[in-house]
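Breakdown of the fold
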Amino acid sequence: MGFLEIHPFQDGNGRLSRIVTTLLMLQAGYAIVPYCSLESVIEQNKDASYFALRRTQLTIGTPSPDWQTWIDFFVQSVATQVANLEAKLDVERIVIAAIPALSLAIIEFARNHGRVTLGASDSCDWC
């Protein structure tokens, strides 16, 4: 939040802060980030994001900064991100359920071997 308080750049402060936030979340072991964008959730709720940020910024220099507004917005954004990932996984489950058995065997072979080549057919049990 200190970064946004100083507003060091004419443009891109918000994007850079979201990138730094994503990096910190990845470093802390938050595994959802590579699969579903928190950035897009915040971008879709830009007005609420700016409101929460501004409300917090206005109280930073006071004896009792209001972090709650920003924390509430951020936690809700993370919850939306998780819901978006769950929706993607539901679609993936439906798609996988419709894939023929041979295709699933090829996918599994690729997972186990890293890639599939024509020469790989000599060592496969699904050919």
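Refer to the structure presented above.
One structure accompanies this document, and this report is about it. A quick note: this is a predicted structure, and the numbers were derived from the prediction, not measured.

Rules and cut-offs
Residues numbered from 1 in each chain as written. Predicted model: local features only at pLDDT ≥ 70, side-chain atom pairs only at ≥ 80, totals over all residues. Heavy atoms only, no water. Helix = DSSP H or I, 4+ residues; strand = E, 2+ residues; numbered from the N terminus. Buried < 20%, exposed > 50% of the residue type's maximum accessible area, 1.4 Å probe, protein only. Contact = heavy atoms within 4.5 Å. Areas by Shrake-Rupley, 256 points an atom, 1.4 Å probe, with all protein chains shown as cover. Core = buried A, V, L, I, M, F, W, Y, C linked by side-chain atoms within 4.5 Å. Salt bridge = Lys/Arg side-chain N within 4 Å of Asp/Glu carboxyl O. Phe/Tyr/Trp six-rings, centres within 6.5 Å; stacked < 30°, edge-to-face > 60°. Patch = residues over 30% accessible without salt bridge, like charges linked within 9 Å, V, L, I, M, F, W, Y side chains within 5 Å.

1. As for the overall build of the chain
Along the chain, the regular secondary structure elements total six helices and zero strands. For the chain, the N- to C-terminal ordering of α and β elements is α-α-α-α-α-α. Classification of the 127 residues of the chain by burial places 24% in the buried group. Partitioning the contacts of the chain with sequence separation of at least 6, the portion at a separation of at least 24 is 49%. Summing over all exposed atoms, the chain offers an accessible surface of approximately 9000 Å²; the carbon and sulfur share of this is 60%.

2. Focus: the nonpolar core
Counting residues in each nonpolar core, the largest one holds 13 residues, and the members touching the most others are M25, Y30, I32, L38, W70, F73 and V78. Elements with a minimum of two residues in this core: helix 3 (38-44), helix 4 (46-59) and helix 5 (68-98). By residue number, the principal contributor to this core is helix 5, which donates four residues. Once residues within four sequence positions are removed from consideration, Y30 is found in contact with M25, V78, Q81 and V82.

3. Quick notes on the pattern of salt bridges
In this structure the tally under the stated criterion is four salt bridges. Taking the shortest distance from any N to any O, the salt bridge between R55 and D66 comes out at 3.3 Å. Pair noted here: R55 is in helix 4 and D66 is in the loop between helix 4 and helix 5, with a separation of 11 residues, a long-range link. Taking the shortest distance from any N to any O, the salt bridge between R111 and E108 comes out at 3.5 Å.

4. Some points on the packing of aromatic side chains
Per the stated rule, a full pass over the model turns up two aromatic pairs. With a centroid separation of 6.3 Å and an interplanar angle of 35°, the aromatic rings of W70 and F74 are classed as tilted. Remark: F74 and W70 occur in helix 5; sequence separation between them is four residues, near one turn of the helix. Every member of this aromatic cluster is reached through a ring pair, and the members are W70, F73 and F74.

5. Regarding a nonpolar patch on the surface
There is a patch of nonpolar side chains on the surface, built from L16, I19, V20 and L24 and spanning about 340 Å² of accessible area. Relative to the assigned elements, V20 resides in helix 2 (residues 13-27). A residue is classified by how much of its surface remains accessible, and V20, at 40% relative accessible area, is partly exposed.

Without other data, these values stay purely geometric and don't point to any function.
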